[in-house]
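Summary of the model geometry
Given next are the chains, with one letter for each unit.
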Amino acid sequence: MTLTHETKGRRRPWIRLLGLLSAFALLTALVVLPADLFQPGRVALAVFGTAVILWATTKIEAAWIALAGAVALVLFGAADQRDVTGMLADDIIWLMIGAFVIGAAFESSGLAARLTAAVASRARTTGQLFWLTTLALIPLTFLIPSTSGRAAATLPALNGFFGVERGRAAERGRRAYAILIPTIILVATTAALTGAGSHLLAEDLLYQRIGERFGFAQWALWGLPFALAASLASCWVVLRLFLNGPERAAPVPLLARSDTPMSRAEWTTLAIAAVTFGLWFTTQWHGYRIASVAVVAMIALTAPRLGVLKFKAAMKAVNWSLVLFVGAALVLGQALINTQAAGWLIGAMFDIANLNTIRGGNAPEIAVIAAIAVISLASHLFMTSHVARTAALGPPFILMAQTAELNPVAVLFIATAGMNYCLTLPVCSKALLLFQDADGVTFRPRDLMRLSAILTPVHLLLMIVFYFAWWKWTGLALST
């Protein structure tokens, strides 16, 4: 039985009402309880819990909820005024702004589309096209810091290769290609620290708590091999789930080649990006933070005569809602830690779930990794915002690691890799929505659910295998 849009519309107000009532009940209960937590801690816990419920059950803008929560913390004495007014001074904020401008330069100059087409146009069969597209999308994770931005940059490829042919086979090929591109964009997110704003939020949460950062090069060491394996596995599944053998071997309907020489804007963008990435990878040698390097790149890309973007256009390309959300989420997360609410919450979780057996490494590593993977992989089902998942689960994961005497860097990175997975429903990602709403034949929600039914256990297995085969030996061992 399927629900019509009208039926869904009638049910949504009840879901929102339930979320609001749950948030109010939680706020009331946590302000009064628990008795063994000081008042600022109870306030921080209540505000944070209310924000999580509202993120998961309502359509209120996530940034507004986070900002309102940060203000509530100040009004009720759980945070200092300077925590809110100074949230935009954090390194992560400026790194995000710079990364958005770099991504805008790649898109506006046409370099992103050229790089993707240059690889994909070498394909002669539909199967080759899918594999080459997968390989072309992974580097875009380093170039465009937004999954929706990467989706927008690659959407023309759908019509470029599957926009002319008609017939059942062509429609099946188009549907499979429409689901492949956003799938690879999402599973490849783990490749780069700048692949998503949630990664930068996770790094800052880690720095606030233990004074350590992942680092651009170190993240790539851990994330790029995993993203490559996950992307190739996803491509293999898509090809076999949506296309048969003859369809995979069929000639590509239309090869969208570009024989025009690169423009000055493309060369300028490429040169500035190359220098920027080089400095990001070598930050431990020259001492300049990646946020500072991103700001310099932003200035160069918007400089008069030299740059490729007008400064006003560059600022319009920045997702300011996401920037403010991340800043406010940092305030919420730090308040949990400063008021000892996070420590109390983790202690309660250990007592209720009898998780004390994992303290000091008493539990088998495979059980701990599996638990982290299951929780993080499932989180997208009840919280569709990528950054909201990190804001809600990041602090508890860090505190859990410290309480259980595990490596917080390893726990948070592995959890973040799991939280990057969000393929079950179109609403879980703007990239999915963008391709689902594209003109012409595209994938249906049930296609995505079929795919996710296979890829979810595949990702769970990949996370376990990568821990024992790679992460454990490259600095991500669970034991401290």
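See the structure shown above.
The structure contained in this document is the topic of the report that follows. (Residues numbered from 1 in each chain as written. Predicted model: local features only at pLDDT ≥ 70, side-chain atom pairs only at ≥ 80, totals over all residues. Heavy atoms only, no water.)

**Comments concerning the nonpolar core**
- Of all hydrophobic cores here, the largest spans 150 residues; its most connected members are W55, L73, F130, Y177, F214, W280 and W471.
- In terms of residue count, helix α11 (residues 216-242) provides more of this core than any other element does, 12 residues in total.
- When neighbours within four sequence positions are excluded, F130 is seen to be in contact with F162, G173, A176, Y177, L180, C235, V238, L239 and L243. (Core = buried A, V, L, I, M, F, W, Y, C linked by side-chain atoms within 4.5 Å. Buried < 20%, exposed > 50% of the residue type's maximum accessible area, 1.4 Å probe, protein only. Helix = DSSP H or I, 4+ residues; strand = E, 2+ residues; numbered from the N terminus. Contact = heavy atoms within 4.5 Å.)

**What to know about the pattern of salt bridges**
- Across all of its chains, the model carries seven salt bridges by this definition.
- The salt bridge partner of R444 is D447, with a shortest N-O separation of 3.0 Å.
- R444 sits in the partly exposed class, given a relative accessible area of 31%.
- Given the relative accessible area of 1%, D447 is considered buried.
- Sharing partners across several salt bridges, the network here consists of R175, R444, D447 and R450. (Salt bridge = Lys/Arg side-chain N within 4 Å of Asp/Glu carboxyl O.)

**Observations regarding the packing of helix α19 (residues 365-378) against helix α21 (residues 408-419)**
- Following both chains from N to C, one finds α19 and α21 inclined at 40 degrees, their axes separated by 7 Å at the closest point. With respect to their mutual orientation, α19 and α21 come out oblique. Crossing geometry of α19 relative to α21 is assigned as right-handed. Together, I369, I372, S376 and L377 of α19 and V411, I414, A415, G418 and M419 of α21 make up the contact between the two elements.
- In terms of residue class, the contact of α19 with α21 is built from seven nonpolar, two polar and no charged. (Axes fitted to C-alpha atoms, helices over the stretch in contact; angles between N-to-C directions. Parallel < 35°, antiparallel > 145°, perpendicular 65-115°, else oblique. Left-handed = near helix turned anticlockwise from the far one by under 90°. Nonpolar A, V, L, I, M, F, W, Y, C, P; charged D, E, K, R; others polar.)

**Looking at α11**
- The terminal C-alpha atoms of α11 lie 36 Å apart, and with 27 residues this matches the ideal 39 Å at 1.5 Å per residue to within 8%.
- The sharpest bend along α11 measures roughly 35 degrees and falls at G223, with the proline P225 sitting one to four residues further on. (Expected span 1.5 Å × (residues − 1). Bend = angle between axes of the 7 residues up to and from the residue.)

**Some remarks on the packing of aromatic side chains**
- This structure, assessed with the given rule, holds 11 aromatic pairs.
- With a centroid separation of 5.3 Å and an interplanar angle of 50 degrees, the aromatic rings of F130 and Y177 are classed as tilted. One end of the pair, F130, is in helix α7 (residues 126-143); the other, Y177, is in helix α9 (residues 168-187), with 47 residues separating them in the sequence.
- For F130, a relative accessible area of 0% translates into the label buried.
- Each ring, one from W222 and one from F413, has its centre 5.5 Å from the other, and the planes form 65 degrees; the classification is edge-to-face. Highlighted residues: W222 in helix α11 and F413 in helix α21, separated in sequence by 191 residues. An identical accessibility class is assigned to W222 and F413; each is buried.
- Each residue in the set F214, W219, W222, F226, F413, F466 and W471 is aromatic and connected to the rest through ring pairs, giving one cluster. (Phe/Tyr/Trp six-rings, centres within 6.5 Å; stacked < 30°, edge-to-face > 60°.)

**Re the packing of helix α10 (residues 197-210) against α21**
- Where α10 meets α21, the axes come as close as 11 Å, and the angle between the chain directions of the two elements is 160 degrees. Put simply, α10 runs roughly antiparallel to α21. For α10 against α21, the interelement crossing comes out right-handed. From α10, H199, A202, L206 and I210 reach across to α21, where they touch P408, V409, L412 and T416.
- Partitioned by chemical class, the residues of the contact of α10 with α21 number six nonpolar, two polar and no charged.

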